[in-house]
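Here are the chains, one letter per residue:
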Amino acid sequence: MRKTVLAFSRITPQMVERLQQEFDVIVPNPKLGDIAAQFNEALPKAHGLIGAGRPLGEAQLKDAGNLEVISSVSVGYDNYDVDYLTRRGIALTNTPDVLTESTADLGFSLIMGSARRTAELDAWTKAGQWKATVGPDLFGSDVHGKTLGIVGLGNIGAAIARRGRFGFNMPVLYSGNSRKPALEAELGATFCALDELLAKADFVCLVVPLSDKTRHLISRRELALMKKSAFLINISRGPVVDEPALVDALQSGLIRGAGLDVYEREPLAESPLFALKNVVTLPHIGSATGETRTAMAERAMDNLTAALKGQRPADLVNPSVFKG
Ligand code: DGY
């Protein structure tokens, strides 16, 4: 019997063709009406789901009686209720590693863009405001030689730290659950408590996964610990930052600026952030390059295919479900 796959996002038509060699594939199509309704209708037939950006837990999956695997085209898996999936024996896979360098590139571009005000000054130039050489009111801040604070020195955090240390001569501080001696040796990085990092860093870069421990890790108290001249960069998950507190900090000059790729609610259609010049707002594009999204989707297809064939997928988030 051919198994059924519901490909709900991030899978190109060519990739669907590849999956069709082994599985029946259902792809919700916006031209055919409501996507959520099509997803829900297909769910009871599906043995595998592949995609990203959709919260999936008990409420959404109660009719998914055949489901064996969810293959997320993302490294983060905060959208999924892992305990529930594990209780149901549903494998969950993600796509680590392949997006590390692209996401670090984007993180560093937020450091550069917020410090050198590139988006703001691009809009200013295009609005025809460049009548004379720019004065101090439009000056930015240096990046080279400044202190880089990495909150969460995992793969992506380390890749950002490498860019800062070796490309921009930045001393690196990091905080997290455990010390990383090999990275300390490679990067000359110094481990410290979050409060100390916040007080010393010129760029505070958030690269932690979202969990109960990291939700609102950065709120009013933490923002008040930062230097007035510092920038907050968030490429992890929006809820790691208390957004109203950040808006107040940016409005009142408690910190100099921010570079954000993620928000408490996405997509962000309206926000007090939009009125602020000292914040760069990007639409969650950490991994959004052609090369990287292709690599992620291919890795996710490999994980999905392995699980549906009873083989152990490479990137299993909940290993206890896999008995093969
Ligand atoms: C991820 O993979 O978790 C990134 O946020 C891109 O979706």
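Asker: Just checking my understanding: could you explain the site of the ligand for this structure?
Answerer: The environment of the ligand is made up of Arg10, Ser74, Val75, Gly76, Leu99, Arg237, His284, Ser287 and Met296. Separating an oxygen atom of the ligand from a side-chain N or O atom of Arg10 is a distance of 3.3 Å. Gly76 is positioned with one of its backbone polar atoms (N or O) 2.9 Å from an oxygen atom of the ligand. Within the complex, 90% of the 230 Å² of free accessible area of the ligand lies under protein. Among the residues making up the shell around the ligand, the classes are represented as three nonpolar, four polar and two charged.

Asker: Honestly, the sheet that holds strand 9 (residues 203–206) in this entry has me stumped. Any pointers?
Answerer: Picture the strands of a sheet paired through backbone hydrogen bonds; they go either parallel or antiparallel. The parallel open sheet is built from seven strands, whose spatial order is 8-7-6-9-10-11-12. Two strands lie at the open edges of the sheet, namely strand 8 (190–191) and strand 12 (279–281), each paired on one side alone. Pairing geometry for strand 10 (residues 231–234) and strand 11 (residues 257–260), over four bridges, is parallel. Bridge pairing in strand 11 places Ile233 opposite Gly259. Along the sheet, helix 7 (residues 155–168) makes contact with strand 6 (148–151), strand 7 (172–175) and strand 9, crossing strand 6 at roughly 175 degrees. Docked against the sheet, helix 11 (residues 243–252) engages strand 10, strand 11 and strand 12, running at close to 140 degrees with respect to strand 11.

Asker: Mind showing me how you'd approach the sheet that holds strand 5 (residues 91–93) here?
Answerer: With parallel pairing, the five strands of this open sheet are ordered in space as 2-1-3-4-5. The sheet terminates laterally at strand 2 (24–26) and strand 5, the two strands that pair on one side only. Averaged over all neighbouring strand pairs, the angle between strand axes comes to 15 degrees, with direction disregarded. Where strand 4 (residues 69–72) lies against strand 5, three bridges are found, and the strand directions are parallel. Bridging across to strand 5, Ser71 finds its partner in Thr93.

Asker: Even after reading the chapter, I still don't get unusual backbone geometry, so can you show me in this structure?
Answerer: Glycine aside, residues mostly have negative phi angles, and peptide bonds mostly take the trans form. At the junction of Glu266 and Pro267, the peptide bond is cis and its omega measures out at -5 degrees in the coordinates. Note on placement: Pro267 falls in the loop between strand 11 and strand 12. Positive phi, normally seen in glycine, also occurs at Asn169, with a value near 55 degrees. Turning to its location among the elements, Asn169 is positioned in the loop between helix 7 and strand 7. With a phi angle near 50 degrees, His284 is a residue other than glycine that sits in the positive phi range. Its place among the elements puts His284 in the loop between strand 12 and helix 12 (290–308).

Asker: Which parts of the structure should I look at to understand the pairing of strand 7?
Answerer: Side-chain positions along a regular strand alternate between the two faces of the sheet. Both faces of strand 7 are covered, namely the face carrying Val172 and Tyr174 and the face carrying Leu173 and Ser175. Taken together, the four bridges between strand 6 and strand 7 define a ladder with parallel strand orientation. Among the inter-strand pairings, Leu148 is bridged to a residue of strand 7, identified as Val172. Where the polypeptide runs from strand 6 across helix 7 and back to strand 7, its parallel neighbour, the crossover connection is right-handed. Examined bridge by bridge, strand 7 and strand 8 share two bridges and lie parallel to one another. Of the residues in strand 8, the one forming a bridge with Leu173 is Thr190. The handedness of the strand 7 to strand 8 crossover, carried by helix 8 (residues 181–187), is right-handed.

Asker: Got a minute to help me understand the pairing of strand 10 in this structure?
Answerer: Here strand 10 shows a buried face lined by Phe231 and Ile233 and a second buried face lined by Leu232 and Asn234. Pairing geometry for strand 9 and strand 10, over four bridges, is parallel. In the sheet register, Val204 faces strand 10, and the bridge partner there is Leu232. This β-α-β element, strand 9 to helix 10 (residues 220–225) to strand 10, shows right-handed connectivity. After leaving strand 10, the chain enters helix 11 and then returns to the sheet as strand 11, a path that is right-handed.

So, how was this worked out
- Residues numbered from 1 in each chain as written.
- Predicted model: local features only at pLDDT ≥ 70, side-chain atom pairs only at ≥ 80, totals over all residues.
- Heavy atoms only, no water.
- Near = heavy atom within 4 Å.
- Polar contact = N/O pair within 3.5 Å; in protein donor to acceptor, adjacent residues only side chain to side chain.
- Areas by Shrake-Rupley, 256 points an atom, 1.4 Å probe, with all protein chains shown as cover.
- Nonpolar A, V, L, I, M, F, W, Y, C, P; charged D, E, K, R; others polar.
- Pairing = 2+ DSSP bridges.
- Helix = DSSP H or I, 4+ residues; strand = E, 2+ residues; numbered from the N terminus.
- Contact = heavy atoms within 4.5 Å.
- Axes fitted to C-alpha atoms, helices over the stretch in contact; angles between N-to-C directions.
- Buried < 20%, exposed > 50% of the residue type's maximum accessible area, 1.4 Å probe, protein only.
- Right-handed = clockwise from strand over helix to strand, strands pointing away.

Everything listed is a geometric property; what it means functionally is a separate question.
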